[in-house]
Amino acid sequence: MKKIRTGIGYDIHPLESGRKLVLGGVEIPFEKGLGGWSDADVLTHAVIDALLGAAALGDIGRHFPPGEAEFKDISSLAMLKKVKQMLKDNGWKAGNIDATVIAEKPKLMSYTDRMRENLGNTLGIGADCISVKASTTNGIGPVAQGEGIAALATALIEGEE
Ligand SMILES: [Zn+2]
């Protein structure tokens with residue numbers, strides 16, 4: 001019998017000068033990038049946490065601890081690929097993902113399809129199973145002040161009983 005589980009993920013990183021802005025594996029031209037130990041791809045991190053959460057396999061910090069040399073500036077898509085394998089080892093595969101990136105700037109709409117392709121290719125599922133939406137905080141709070149970019153994701157995973 002088929003079984004399904006859902007999970008949620010949330011992440012936020014600070015915007016800093018001298019860093020690349022990478023979201024969903026897409027490098028986006030912008031005056032700042034996200035600070036963090038890996039490439040700080042906040043969208044992919046939220047997706048990873050949603051998938052790990054759905055499988056009750058802990059969180060991203062447990063599997064990819066900041067401070068470990070092997071994860072310094074690593075592409076978060078490489079981390080997502082490891083998570084795909086972790087799911088597989090536990091009898092799961094990703095079903096669908098729905099995510100929202102919350103940023104005041106830059107405008108992300110023209111990049112979201114490439115993000116969906118990257119995430120889908122990494123997880124071995126179609127881009128039609130991945131939704132990436134772009135939102136703002138309507139002028140309120142630190143994200144509106146350009147201090148950082150946040151992301152939310154939900155994931156459904158499927159397995160056999
Ligand atoms: Zn993160």
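These numbers were taken from a predicted model, which means no experiment stands behind them. (Residues numbered from 1 in each chain as written. Predicted model: local features only at pLDDT ≥ 70, side-chain atom pairs only at ≥ 80, totals over all residues. Heavy atoms only, no water.)

(A) Representation of the sheet that holds strand β4 (residues 33–34) within the structure. One open sheet accounts for five strands, arranged β4-β1-β7-β5-β6; its pairing is mixed. Each edge of the open sheet is held by one strand with a lone partner, namely β4 and β6 (130–135). Where strand β5 (residues 92–102) lies against β6, six bridges are found, and the strand directions are parallel. Considered in β6, the bridge of V101 is made with A134. Most of the contacts of helix α1 (residues 42–54) go to strand β1 (residues 2–16), to which it runs at about 150°, and overall it touches β1, β4, β5, β6 and β7 (148–160). (Pairing = 2+ DSSP bridges. Helix = DSSP H or I, 4+ residues; strand = E, 2+ residues; numbered from the N terminus. Contact = heavy atoms within 4.5 Å. Axes fitted to C-alpha atoms, helices over the stretch in contact; angles between N-to-C directions.)

(B) Representation of the pairing of β5 within the structure. Of all eleven residues in β5, eight are buried, a share of seventy percent or more. When β5 meets β7, the two strands line up antiparallel, connected through ten bridges. Across the sheet, the residue bridging to V101 is A151, located in β7. Once you follow β5 into helix α4 (residues 112–123) and on to β6, the crossover reads as right-handed. (Buried < 20%, exposed > 50% of the residue type's maximum accessible area, 1.4 Å probe, protein only. Right-handed = clockwise from strand over helix to strand, strands pointing away.)

(C) Representation of the pairing of β7 in the model. Relative to β7, β1 runs antiparallel, the two being bridged by 13 bridges. Looking at β7, one finds that T6 is bridged to L156.

(D) How the structure looks around the coordination of the zinc ion. Distances from the zinc ion to its protein donors, namely D11 (OD), H13 (NE2) and H45 (ND1), fall within the range 1.9 to 2.1 Å. Between the donor residues of the zinc ion, the gaps in sequence give the motif D-x1-H-x31-H. Note that D11 is positioned in strand β1 and H45 in helix α1, a separation of 34 residues in sequence. H45 sits in the buried class, given a relative accessible area of 6%. (Donors = N, O, S within 2.8 Å, 3.2 Å for Na, K, Ca; no water.)

(E) Just helix α3 (residues 76–89), in detail. Its 14 residues give α3 an end-to-end C-alpha distance of 20 Å, which sits within 8% of 20 Å, the value for a rise of 1.5 Å per residue. Of all the positions in α3, only S76, L77, M79, L80, V83 and L87 are classed as buried. The buried residues of α3 occupy one face: seen down the axis, they fall within an arc of 150°. In α3, the exposed residues that point more than 90 degrees away from the buried face are K81, K88 and D89. Of the surrounding secondary structure, the elements contacted by the buried residues of α3 are α1, α2 (60–63), β5, α4 and β7. By the N-cap criterion, in which a side-chain oxygen at the helix start approaches the backbone nitrogen of a residue two or three places on, α3 is capped by S75, the distance to L77 being 3.1 Å. A positive backbone phi angle near 85° is found at G91, which sits one or two residues after α3. (Expected span 1.5 Å × (residues − 1). Arc of directions from axis to C-beta. Polar contact = N/O pair within 3.5 Å; in protein donor to acceptor, adjacent residues only side chain to side chain.)

(F) Spatial organisation of the nonpolar core. Of all hydrophobic cores here, the largest spans 46 residues; its most connected members are L23, L51 and I149. The greatest single-element share of this core, amounting to nine residues, is contributed by α1. (Core = buried A, V, L, I, M, F, W, Y, C linked by side-chain atoms within 4.5 Å.)

(G) Quick look at the packing of α3 against α4. The contact between α3 and α4 brings their axes to 9 Å, and the two run at 40°. Here α3 runs over α4; the crossing is right-handed. Here L77, L80, K81 and K84 of α3 come into contact with α4, specifically with N118, L119, T122 and L123. For the contact of α3 with α4, the per-class residue count stands at four nonpolar, two polar and two charged. (Left-handed = near helix turned anticlockwise from the far one by under 90°. Nonpolar A, V, L, I, M, F, W, Y, C, P; charged D, E, K, R; others polar.)

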